[in-house]
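Survey of secondary and tertiary structure
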Amino acid sequence: MAVPPAEAPETRQTASGLLDAPLLAPAPLEAGSLEAAPHDAPPHEAALLDTPHSGAALPEALPQEATAPASHSASRPRILRAALGLLLAALLLAVAHQARPLPYGDHFVLHARVEHETPPRLVTRGATVEAYDERTGEPRWTYGREGRRPLAVLPARGDAITLWDDGLVTATSHGAVRWHRALPGAADWLADHGGAGVLRNLDRGMLAVVTPRRVTAYRVEDGDLRWVLPARRGCVFAPGRAVRLGAVLLVAQPCPGRAWTAQLIAVDRLGRITPHRTPPGQ
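First things first, this report covers the structure right here in the doc. (Residues numbered from 1 in each chain as written. Predicted model: local features only at pLDDT ≥ 70, side-chain atom pairs only at ≥ 80, totals over all residues. Heavy atoms only, no water.)

What follows is about the environment of alanine 247. Here alanine 247 lies in the loop between strand E13 (238–245) and strand E14 (248–252). The spatial distance from the C-alpha of alanine 247 to the C-alpha of asparagine 201 is 9.2 Å, given a sequence separation of 46 residues. Leaving out residues up to four positions away in the same chain, alanine 247 has contacts with Asp203, Val267 and Asp268. (Helix = DSSP H or I, 4+ residues; strand = E, 2+ residues; numbered from the N terminus. Contact = heavy atoms within 4.5 Å.)

In total, this model carries eleven salt bridges according to the counting rule given. Of the charged contacts, one joins arginine 226 and aspartate 224 as a salt bridge, the two residues approaching to 2.6 Å between their closest N and O atoms. Residues arginine 277 and aspartate 268 are paired through a salt bridge, measuring 3.0 Å at the closest nitrogen-oxygen approach. Each of Asp106, Arg145, Arg148 and Asp166 takes part in one network of salt bridges that share partners. (Salt bridge = Lys/Arg side-chain N within 4 Å of Asp/Glu carboxyl O.)

What follows is about the pairing of strand E9 (residues 199–202). Note: E9 against strand E10 (residues 206–210), four bridges, orientation antiparallel. Following the sheet pairing, leucine 202 is matched in E10 by methionine 206. Two successive antiparallel strands, E9 and E10, enclose a turn made up of three residues, where arginine 204 displays a positive phi of approximately 60 degrees. (Pairing = 2+ DSSP bridges.)

Dropping the structure here:
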């Protein structure tokens, strides 16, 4: 910047006519002097400006902004790891759900689904019950239970009623096992005598299950318990000595020392048939 030539000192005459001391022009400012000495800066800013190397302190904030994208990129692996962990946990839960044991140890395999299903041909083969199409001979389904074997199979209104060696009765139809019912205290007797005569059809979609201690009736459609008839004290029912006459099932009930009429009972879908019986609901 060009510096103007110095001017001669000015004089001023006061009212008394005396000459005052010469007034000197202010010294010219050098380049950058305004920045070097700010007059209005607050004390803390002035202290900052007067501090040696104060100009180098300002760029210290820049690396923080520069490292911000790096922090975002560093968080991406953590997000990916968390997402992979959630996916792995979901897969493990799905596998555990598939691997969990089915109720009652059921193993049911559907080979062919039939829209208008006709009663299949039922076959007991080893530890499984198998259903085949009567017309084509193609297999429809196979049903087994873990560690169990079927003792008897009874066709009932399109259902396959199966008695198992642990005293469980099941109904299978329309490509699924629809219900399970347990026979209390029957497992030991079944192990010794088998299941001959235990499952009996009654009229109008009813099933009678005959064991030495009781006769129990279930509705085939949903396994609903309809009635229970216990054996007379000192007597037992003989499942193998039962016969159906129309809608009536006659069951032998051997009782030592009793008349033969007391050793035979008649039941139907409503229960035991007795003189002047009032059917339930009337």
